[in-house]
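# Structural overview for review
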Amino acid sequence: MLPAANPKWRVLSMPRRNLLQGWCAEGVTLTGALEGVPASSHQARESEFASAGADESRAALYLHLFTGSLPQLEDTAGRQSAVDLTLHSNYGLVGIAEVTSTLDRHFQRDSGQLRRLVASVNAEYAGTGAWSLGFEYGWSMPTNTQLPGLAQRLSAELERADASTNDDEAVTLAEHVLAYRVEQGLGPRVHLASWSANVPTSADTPYLDRLSTYLAESDLIARKLAKLAAEGERLGTNSLHLYLLMASTGVDGGLLPSSPSFFTWGRFACPAPATDLWLDGGTGEIYHWSQDTGWVFHRV
């Protein structure tokens, strides 16, 4: 179904929580962690992960620095259902870790089609301004046959907004589709700003409640936890780490951890059997929960 043709304009509401207050505890910084790991240990890790994927290498680096345990690749060619990493001290195995991303596969599949839609809007647009489009939480990709009509409707709404909108307002062009006025550049006048980026189900729902719901309901997380349980039993360890690379876009983009204040906001329940959870969103902090200490963040 196409979005309504003549929606009312509105200003996008923002979360009311003060993110400068109520932070969780701060752990050792990246600089401090680097000083605590011998050069020979860094060299061993770099050699081990020289041909590994970017996600595993990144997780190995931060797990090494912030736990002091040396990671090794376990999920290598020929090992079916193996956990991604094992963690070692001078005395042997001390834990295992599974690495994954929260980026939604449907988002990855449809992202090219969305960009083509925005290109069609730009081709249809005959107005005088320059705009970025945001497709907020709840928006879904229409069928191919609906895209031309949607592009025409969105461009028509942008043309109406040219003469009627304050510069600092976000304009609702259609259900779950927002437009933001930007400065005119040399390229296209209509750009893609985001698709479901940082727009949670409700901005007023505490972050830890939303994170707990995601962890409890995600099929992807359930599979990773099952692997941790099986591999922990096989390898004889109870220290089970789940390392999540947090997407800034897609259906779960609203879970991007952007402030230490989020980690005292709400109630958190980590699903069994994980003993440690790591959130890495590329925001300048790594967030770590353990069953012994709760939440801490590390500046990186």
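Bear in mind the structure is a predicted one, so any value in this text is a computation, not a measurement.

The rules behind each value
Residues numbered from 1 in each chain as written. Predicted model: local features only at pLDDT ≥ 70, side-chain atom pairs only at ≥ 80, totals over all residues. Heavy atoms only, no water. Helix = DSSP H or I, 4+ residues; strand = E, 2+ residues; numbered from the N terminus. Contact = heavy atoms within 4.5 Å. Areas by Shrake-Rupley, 256 points an atom, 1.4 Å probe, with all protein chains shown as cover. Core = buried A, V, L, I, M, F, W, Y, C linked by side-chain atoms within 4.5 Å. Buried < 20%, exposed > 50% of the residue type's maximum accessible area, 1.4 Å probe, protein only. Pairing = 2+ DSSP bridges. Axes fitted to C-alpha atoms, helices over the stretch in contact; angles between N-to-C directions. Salt bridge = Lys/Arg side-chain N within 4 Å of Asp/Glu carboxyl O. pLDDT = per-residue confidence, 0-100. Parallel < 35°, antiparallel > 145°, perpendicular 65-115°, else oblique. Left-handed = near helix turned anticlockwise from the far one by under 90°. Nonpolar A, V, L, I, M, F, W, Y, C, P; charged D, E, K, R; others polar.

A separate point is the overall build of the protein chain. Of regular secondary structure, the protein chain possesses seven helices and twelve strands. Excluding contacts between residues fewer than 6 apart, the proportion of contacts in the protein chain whose partners are at least 24 apart in sequence is 72%. A total accessible area of about 15,100 Å² is found for the protein chain, and carbon and sulfur atoms account for 49% of it.

With that settled, the discussion passes to the nonpolar core. Formed by 28 residues in total, the largest nonpolar core has its most connected members in Y207, L244, F263, L277, L279 and W295. Of all elements in the fold, only helix 6 (207-217), helix 7 (219-235), strand 9 (240-245), strand 10 (276-280), strand 11 (285-290) and strand 12 (294-299) reach the threshold of two or more residues within this core. For this core, the element with the most residues is helix 6, which contributes five residues. Residues in contact with F263, not counting those within four places in the same chain, are C24, Y207, L208, P257, L279, Y287 and W295. Core analysis: the second largest hydrophobic core is formed by 22 residues, L114, V118, Y125 and M141 among them.

Glancing now at the sheet that holds strand 11. Read across the sheet, eight strands follow the order 1-12-11-10-9-4-3-2 without closing on themselves; strand pairing throughout is mixed. Each edge of the open sheet is held by one strand with a lone partner, namely strand 1 (25-26) and strand 2 (70-73). Sheet strands touched by helix 3 (residues 54-67): strand 2, strand 3 (85-89), strand 4 (92-101), strand 9, strand 10, strand 11 and strand 12. Its angle to strand 9, the strand with the most contacts, is close to 125°.

A complete count under the given rule lists eight salt bridges for this structure. Two residues, R234 and E74, come together in a salt bridge whose shortest N-O distance is 3.0 Å. With a gap of 160 residues between them, R234 in helix 7 and E74 in the loop between strand 2 and strand 3 connect regions that are remote in the sequence. Members of the salt-bridge network, linked through shared partners, are E74, E231 and R234.

Taken across its five residues, strand 5 (residues 131-135) has five buried, putting it largely inside the fold. Burial of the side chains of strand 5 extends over both faces: W131, L133 and F135 are buried on one face and S132 and G134 on the other. Across five bridges, strand 5 lies against strand 7 (residues 177-181) in antiparallel orientation. Across the sheet, the residue bridging to W131 is R181, located in strand 7.

Our focus in this paragraph is the confidence of the model for the protein chain. When pLDDT is averaged along the protein chain, the result is 85; 83% of the residues meet or exceed 70. Under a pLDDT of 50 for its full length, residues 1-15 has, in the predicted model, 39 contacts with residues more than four places off or in other chains. Here residues 197-201 scores under 50 on pLDDT; set against residues more than four positions off or in separate chains, the count is 13 contacts.

For the rest of this paragraph, the subject is unusual backbone geometry. With omega at 5°, the peptide bond leading from A272 into P273 counts as cis. A positive phi angle, close to 70°, is found at H176, a residue other than glycine. With respect to the element layout, H176 can be found in the loop between strand 6 (170-174) and strand 7.

This part takes up the packing of helix 2 (residues 39-48) against helix 3. Interhelical geometry of helix 2 versus helix 3 gives an angle of 155° and a closest axis separation of 11 Å. In this view, helix 2 runs roughly antiparallel relative to helix 3, as classed from their interaxial angle. The crossing of helix 2 and helix 3 is right-handed. Touching S41, H42 and R45 of helix 2 are A60, L61, H64 and L65, all from helix 3. A per-class count over the contact of helix 2 with helix 3 returns three nonpolar, three polar and one charged.

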